[in-house]
There are 2 protein chains.
Amino acid sequence: MDEEAVNRPLVLVHRPPNFHFPFRHRLATQFNLFDPLDSPDSTRSSLLCRHAHNIRALLCVDPTPVSSDLLSLLPALELIVGSTVGVDHINLPECRRRGVTVTNAGVAFSEDVADLAVGLLIDVLRKISAGDRFHRASSWAKTGDYALGSKLGGKRVGMLGMGKIGSEVVKRLQAFGCIISYNSRRKKSAIAFPYYADVYELAVNSDVLVVCCALTEETHHIINKDVMTALGKEGVIINVGRGALIDEKEMVKLLLRGEIGGVGLDVFEDEPHVPKELFQLDNVVLSPHCAVATPECFDALEELIVFNLKAFFANKPLWSVVNLE
Amino acid sequence: MDEEAVNRPLVLVHRPPNFHFPFRHRLATQFNLFDPLDSPDSTRSSLLCRHAHNIRALLCVDPTPVSSDLLSLLPALELIVGSTVGVDHINLPECRRRGVTVTNAGVAFSEDVADLAVGLLIDVLRKISAGDRFHRASSWAKTGDYALGSKLGGKRVGMLGMGKIGSEVVKRLQAFGCIISYNSRRKKSAIAFPYYADVYELAVNSDVLVVCCALTEETHHIINKDVMTALGKEGVIINVGRGALIDEKEMVKLLLRGEIGGVGLDVFEDEPHVPKELFQLDNVVLSPHCAVATPECFDALEELIVFNLKAFFANKPLWSVVNLE
C-alpha cells in the first residue's frame, strides 16, 4: 500500500459474502477501505481487532446485520453509512446509546420508491397488470369488455410514514386529486394534512393505505387484521416499506375472503418467498422488491455515500441522517 | 305518451344495436327520447323522416358512426352530444360545413384517461406487469434478482396532443419531475412548454411519447416508422388516443428488433384484435381500451350529457365543445 493510500481515511466495509458493490473502485481512490471478507476466514477476527480502534466509519452494504456484538468490537465507531432505506438490520438502540450516527439511502431512493408506490396503486385500482394478463390470454376478442376499474382522483389516501418517501408519494398523489392524511410516530408541525395517532382510525377514514414507514418493534405488523378490516372491502393497501409491516397471513385470508379490495406489494415477510395463494388473485399486484432497482437510484446512492463519507471526515453536515429518537 | 312528455325537448338517440346506456331512464324524464332502434326495422326510416324536421339534438352513444348520409336526413340538426373523447366516428367536416356543434366526453373522461396513461408509463419503465408475471411464474425464489427498471423523474416526455387529456397527463408527470414538451395542431399561447411543430423533431428530443391527440386524416399513423426510429432504442410510447395514431405493423417490427424501448397501449388499430407478437414481449404493457372504464367516469359522463342537453335547449353555453376548425 503506498503512502498516499495509507493517509486516506479508514472505512470498514460490511457487506454480504459474494457481493461486490459496483462503486467500490471509486471509493477506494478516496478512502482506505478495510473489508474483512477480502481476507481468509481464519484471520478476519484478529485483523478486525487490530484495526478496530482506528475505525470511525462503517459502510453497510445491503441490509447486512449490524449487531450489538459487531458494535462492541468497534469502540471508535462514530458513523454507519447505510445503503438501504430501511435500517431495521442495524441495532439502532445500541447506536443511540453509543452516540453512533446512522445515515440511510432515503434521499437517494425516495423518488423511485414513491414512483413505484404510485405505479402499484394505479395498477391495483385500474387493473393494469390484470388487463395485460387478460390480453395475453387472448381473452378480449373472446369475452368482450374488461372489468371496470376505480378512479384514483378523490380517493382518501392514508399514509403510514411521512418521511422522505411518504412526502414524495404525497407530492405525486396530490397531482391526481387524492385526499391525504397520515400516521407517523408523532404529528409533524410542518405538515398540514390530518394526522391520526391511531392506525385503526386512519384506516377507518381511508380508501387506500400506503405503507412506507420504517420497520421497528413498534411497527411490526402495524397493518393487522383489525386495521385491514377497518379499511374495508373496497380498501387498497400498497406496501413499499418492509414485508413485516403487514400481518401477511391475515392479509392473505382477508384477500381470499374478499374482505379487502386489493393490494400492491413490493415487499414480503419471507422474501423471496411469496404466499402462493396470491398468484390466483386479480386484485393483487406483486413486485419483486425492486422499488429502488433503477440505474439512476444506484448512481444517486453512490453520490450519497461518497458525499457522506467525505463530509464526515471533513466534519461537515451529513445527508439523510436517521432519527434515532 | 302524456302531454308533459310530448312537451319535453326531442332528442334523437343514435346507439349501437343491443346497447342500452344505463342513464336512459334519467334522460327520459327530462327529454323526449326518439330511438329508432326501439321500432321494427321496417318502420325506422319512415319514422325518422317523419320526425327529422323537429330533431335539433342527437345523442351519439359509443362511437356509433354519424355519416354524411345520416346528417343529410336531419336538416334541423344543431347539436351532436358525443359520449366518447375521440369523435373520429362523426363526419366532422360536414358538421363544420353545416354549423352543427359537436360535444365530446373530454371533460368527463380526461382525468381517468390521464391516470391510465401515467400508470402505463410507470408500468413500462418500472416493469410492473412483467414483475407481476415474474412472481406468478414463481421465478423470484428460483432465479433471484429481477431486471432493473428506469427512473421516471428527469425523463423528457413529448406530448402528442395538449387538450384536456394532455393537460391532465402533464399535471401529473410534473409531480414526478418529468421534462415536458409538446406537439399539437398549433402552438398554444397559454402553454409555456417547448412546442414542436414537427413530430419527428419532438421524438428526437424525447425519451417518452404520450399519444393523446384526436384521430383525424392528418393524424392517422402520425407515429410512423421514422418517428419511432427517432425516439430510439430506449424510447417509450404510451397510446391512450386511438390505435390508428400509430403505424401498428411498423411498431411491432421495431419492438421485435429491439429498436424501440417499450410501449404501453390502451388502444389498437383493429380492436379487439391485438398483434399476437406483442404477447411475448416484457417491454410491452397491454390494456383493453379501458382508459375510461370506471364508475366515476360513467357518472361524470351522465352529468355532462344531461348538462349539455339541458343547456342547449335553454340556449346556455355548453361544456366540452369540439373545435371543428
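Everything below is about the structure shown above.
Residues numbered from 1 in each chain as written. Chains lettered and ligands numbered in written order. Predicted model: local features only at pLDDT ≥ 70, side-chain atom pairs only at ≥ 80, totals over all residues. Heavy atoms only, no water.

**Re the relation of the copies chain B and chain A**
Rule in force here: Alignment of copies: least-squares fit on C-alpha atoms of residues with pLDDT of at least 70 in both copies. What makes two residues a contact is simply this: any of their non-hydrogen atoms within 4.5 Å.
Least-squares fitting of chain B to chain A yields an RMSD of 0.1 Å, with the transformation described by 0.0 Å of translation along the axis and a rotation of 180°. Taken together, the rotation angle and the small translation identify this as a two-fold axis. Closest to the rotation axis within chain B is the C-alpha of Ser129 of chain B, separated from it by 2.3 Å. Interface overlap between copies is the fraction of interface residues in one copy that are interface residues in the other; for chain B against chain A it reaches 100%, indicating a shared surface.

**Notes on the interface of chain B and chain A**
How we decide: Here the buried area means the combined drop in accessible surface, using a 1.4 Å probe, for two parts upon being joined, counting both sides. Whenever a carboxyl oxygen of Asp or Glu lies within 4 Å of a side-chain nitrogen of Lys or Arg, that contact is scored as a salt bridge.
Chain B puts 57 residues into the contact, and the matching count from chain A is 57 residues. Counting the surface chain B buries against chain A, the share from its top three residues, Arg126, Arg136 and Trp140 of chain B, is 17%. One can count eight salt bridges joining chain B with chain A. Between Asp112 of chain A and Lys151 of chain B there is a salt bridge whose closest N-O contact spans 3.4 Å.

**As for the nonpolar core**
What counts here: Here, the term nonpolar core denotes a set of buried Ala, Val, Leu, Ile, Met, Phe, Trp, Tyr and Cys residues that are joined through side-chain atoms within 4.5 Å. Only protein chains enter the area calculation, which uses a 1.4 Å probe; residues under 20% of their type maximum are buried, those over 50% are exposed, and those in between are partly exposed.
Formed by 108 residues in total, the largest nonpolar core has its most connected members in Leu27 and Met159 of chain A together with Leu27 and Met159 of chain B. The residues contacting Met159 of chain A, other than those within four sequence positions of it, are Gly166, Val169, Val170, Ile180, Ser181, Tyr182, Asn183, Leu202, Val210 and Cys212 of chain A.

**A short note on a positive patch on the surface**
This is how the line gets drawn: A residue counts toward a patch only above 30% relative accessible area and without a salt bridge, and it is joined to like-charged neighbours within 9 Å or, for Val, Leu, Ile, Met, Phe, Trp and Tyr, to nonpolar neighbours within 5 Å. Surface accessibility in these figures is a Shrake-Rupley result with a 1.4 Å probe; residues are shielded only by whichever protein chains are displayed. Neither His nor the chain termini are counted; the positive set is Lys and Arg, and the negative set is Asp and Glu. Think of each charge as sitting on NZ of Lys, CZ of Arg, CG of Asp or CD of Glu. Put simply, DSSP marks the helices as runs of H or I at least four residues long and the strands as runs of E at least two long, and each gets a number from the N terminus on.
Side chains of Lys164, Arg185, Arg186 and Lys188 of chain A sit close together on the surface and give a patch of like positive charge. Along the chain, Lys164 of chain A turns up in helix 9 (residues 164-175).

**Describing the side chain of Asp123 of chain A**
Applied cut-off: In the analysis that follows, any N or O atom pair within 3.5 Å is treated as a polar contact, provided that within protein one partner can donate a hydrogen and the other can accept it, and provided that, for residues neighboring in sequence, both atoms belong to side chains.
With respect to the secondary-structure elements, Asp123 of chain A resides in helix 6 (residues 106-126). Put simply, Asp123 of chain A is tucked away with no salt bridge, and the nearest opposite charge, on Arg133 of chain A, sits 7.5 Å away. Here the side chain of Asp123 of chain A touches Ser129 of chain A through a polar contact of 2.6 Å, side chain to side chain. Setting aside residues no more than four positions away along its own chain, Asp123 of chain A makes contact with Ile128, Ser129 and Val285 of chain A together with Asp123, Ile128 and Ser129 of chain B.

**Comments concerning the side chain of Ser206 of chain B**
Residue and element names in this part refer to chain B. Within the secondary structure, Ser206 is located in the loop between helix 10 (199-204) and strand 8 (208-211). Here the side chain of Ser206 touches Gly158 through a polar contact of 3.5 Å, landing on its backbone nitrogen. In this structure the side chain of Ser206 is engaged in a polar contact, spanning 2.7 Å, whose partner is the backbone oxygen of Leu202.

**Structural notes on the packing of helix 7 (residues 128-136) of chain A against helix 7 (residues 128-136) of chain B**
Selection criterion: Axis definition: a line fitted to C-alpha atoms, limited for helices to the stretch in contact. Angles are taken between N-to-C directions and run from 0 to 180 degrees. Angles are sorted into four bins: roughly parallel if under 35 degrees, roughly antiparallel if over 145, roughly perpendicular if 65 to 115, and oblique for all others.
Relative to each other, helix 7 of chain A and helix 7 of chain B sit at 70°, their axes nearing to 9 Å. As far as their axial angle goes, helix 7 of chain B and helix 7 of chain A are roughly perpendicular. Taken together, the residues of helix 7 of chain B that come into contact with helix 7 of chain A (itself represented by Ile128, Ser129, Asp132, Arg133 and Arg136 of chain A) are Ile128, Ser129, Asp132, Arg133 and Arg136 of chain B.

**As for the pairing of strand 10 (residues 262-265) of chain B**
Residues and elements named next belong to chain B. Put simply, the rule is: In this description, strands pair whenever DSSP reports at least two bridges between them. A crossover counts as right-handed when, viewed with the strands pointing away from the observer, the path leading from the first strand over the helix to the second turns clockwise.
The alternating pattern of strand 10 places Gly262 and Gly264 and Val263 and Leu265 on opposite faces, both of which are buried. Inspection of the sheet shows strand 9 (residues 236-239) paired to strand 10 by four bridges, in the parallel sense. Considered in strand 10, the bridge of Ile237 is made with Val263. As a crossover connection, the stretch from strand 9 through helix 12 (residues 248-256) into strand 10 is right-handed. The sheet contact formed by strand 10 and strand 11 (residues 284-286) spans three bridges and is parallel. Across the sheet, Leu265 pairs through a bridge with Leu286, a residue of strand 11.

**Examining a nonpolar patch on the surface**
All names here are of chain A. A cluster of nonpolar side chains, contributed by Val107, Phe307 and Trp319, occupies part of the molecular surface with about 260 Å² of accessible area. Tracing the backbone through its elements, the reader meets Phe307 in helix 13 (residues 295-313). On the basis of relative accessible area, Phe307 is assigned to the partly exposed category, the value being 33%.

**Some points on the sheet that holds strand 4 (residues 79-82) of chain B**
All names here are of chain B. Taken in spatial order, the five strands of this open sheet run 2-1-3-4-5, and their pairing is parallel. Looking at which strands have only one partner, the edges of the open sheet turn out to be strand 2 (32-34) and strand 5 (101-103). With direction set aside, neighbouring strand axes in the sheet form an average angle of 25°. Alignment of strand 3 (residues 57-60) against strand 4, held across four bridges, turns out to be parallel. By the bridge assignment for strand 4, Leu58 is matched with Ile80. The sheet strands contacting helix 13 (residues 295-313) are strand 1 (10-14), strand 3, strand 4 and strand 5, and the helix crosses strand 4 at an angle near 170°.

**Overview of empty space enclosed by the protein**
Residue and element names in this part refer to chain B. What counts is decided by this rule: Cavities and pockets are defined on a 1 Å grid built over the protein atoms alone: a cavity is a set of grid points where a 1.4 Å probe fits but cannot escape, while a pocket is an open set with protein on both sides within 12 Å along at least five of seven lines, and lining residues are those with an atom within 4 Å of any such point. Grid points are joined across faces, edges and corners, and a volume is the space filled by probe spheres set on the points. Here the term charged refers only to Asp, Glu, Lys and Arg, the term nonpolar to Ala, Val, Leu, Ile, Met, Phe, Trp, Tyr, Cys and Pro, and the term polar to all other amino acids, Gly among them.
Enumeration over the complete set of coordinates arrives at one cavity of 30 Å³ or more. The volume enclosed by the largest cavity comes to roughly 40 Å³. Forming the walls of the largest cavity are Asn239, Gly243, Ile246, Glu248, Met251, Leu265, Val267 and Phe268. Of the residues assigned to the lining of the largest cavity, the class counts are five nonpolar, two polar and one charged.

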